[in-house]
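# Examination of the molecular architecture
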Amino acid sequence: MGKTDKTNVMRVLDAKKVRYESHSYEADPSLTGEQIAEILGEDAEKVFKTLVTRGKSGQYYVFVLPVESELDLKKAAFTSGEKSVAMIKQKDLLPLTGYVHGGCSPIGMKKQFRTFIHSTAPAFDRVFVSAGKVGHQVELSPEDLIRIVGCEVADIIN
C-alpha cells in the first residue's frame with residue numbers, strides 16, 4: 001500500500017508512533033472473520049472483530065473480541081455497568097463510528113466510546129484488528145492497542 005492508500009486507522013497509529021503491520025486482501029464483505037484469519041494465515045483467536053452496542057442508558061459501548069467468538073450480552077452489560085446492552089443496527093454504524101460493517105475498528109472512531117477487549121488479547125505478542133476499511137487489517141501489539149484506545153480488559157464472550 002502506498003502513502004495515499006493509508007486508512008484512518010493507519011494515520012492514527014502513525015500519529016501516535018505505534019508500530020504496526022498492515023495487511024490487505026480482496027475486499028469481500030461476505031467473508032467471515034474465520035475466513036479472514038485463514039487468508040492472513042493466522043489463528044482466529046488472534047484476529048479480533050469490533051462490535052458496537054447500546055446500553056439501556058443510551059450509552060454506546062465497543063467490544064473487541066476474537067472473530068470466532070460471540071459476544072455474551074449479559075457479560076457485556078455487567079462489564080459496562082448496564083442493565084442490558086444490544087447490538088446497534090447496521091445502518092447506524094457508519095454515522096456513529098465513521099466505519100462500515102466489515103471495516104469497523106476500535107481505533108480512530110468518530111467519537112471514542114468506552115471500549116472493552118476480551119481477556120485473551122494480552123496473552124498474544126500481536127493481534128489483528130480492522131484497519132477501518134473492508135479488505136484491510138492492522139497487526140499490532142495488544143499493549144499498544146489497549147493503550148491507544150483505552151480498552152478495558154474483560155471476559156466478554158460466551
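None of the values given here were measured: they were computed from a predicted structure. (Residues numbered from 1 in each chain as written. Predicted model: local features only at pLDDT ≥ 70, side-chain atom pairs only at ≥ 80, totals over all residues. Heavy atoms only, no water.)

Time to look at a negative patch on the surface. Taken together, the side chains of Glu 34, Asp 43, Glu 45 and Glu 68 define an acidic patch exposed on the protein surface. The topology assignment puts Glu 68 in the loop between β3 (60-66) and α3 (73-80). Taking the relative accessible area as the measure of exposure, Glu 68 reaches 38% and is therefore partly exposed. (Patch = residues over 30% accessible without salt bridge, like charges linked within 9 Å, V, L, I, M, F, W, Y side chains within 5 Å. Areas by Shrake-Rupley, 256 points an atom, 1.4 Å probe, with all protein chains shown as cover. Salt bridge = Lys/Arg side-chain N within 4 Å of Asp/Glu carboxyl O. Lys, Arg positive; Asp, Glu negative; His and termini not counted. Charge placed at Lys NZ, Arg CZ, Asp CG, Glu CD. Helix = DSSP H or I, 4+ residues; strand = E, 2+ residues; numbered from the N terminus. Buried < 20%, exposed > 50% of the residue type's maximum accessible area, 1.4 Å probe, protein only.)

Looking now at unusual backbone geometry. Backbone geometry at Lys 17 places phi at a positive 55°, although glycine is not the residue there. As for its placement among the helices and strands, Lys 17 is situated in the loop between α1 (8-15) and β1 (21-24). The class of Lys 17 is exposed, set by a relative accessible area of 72%.

This brings us to the pairing of β3. In terms of residue burial, β3 counts as a mostly covered element, since six of its seven residues are buried. Alignment of strand β2 (residues 48-55) against β3, held across seven bridges, turns out to be antiparallel. Residue pairing across strands places Thr 50 opposite Val 64, the latter belonging to β3. Counting the residues between successive antiparallel strands, the hairpin from β2 to β3 contains four residues, one of them, Gly 58, with a positive phi of roughly 100°. The sheet contact formed by β3 and strand β5 (residues 114-118) spans four bridges and is parallel. The residue of β5 that forms the bridge with Val 62 is Thr 115. (Pairing = 2+ DSSP bridges.)

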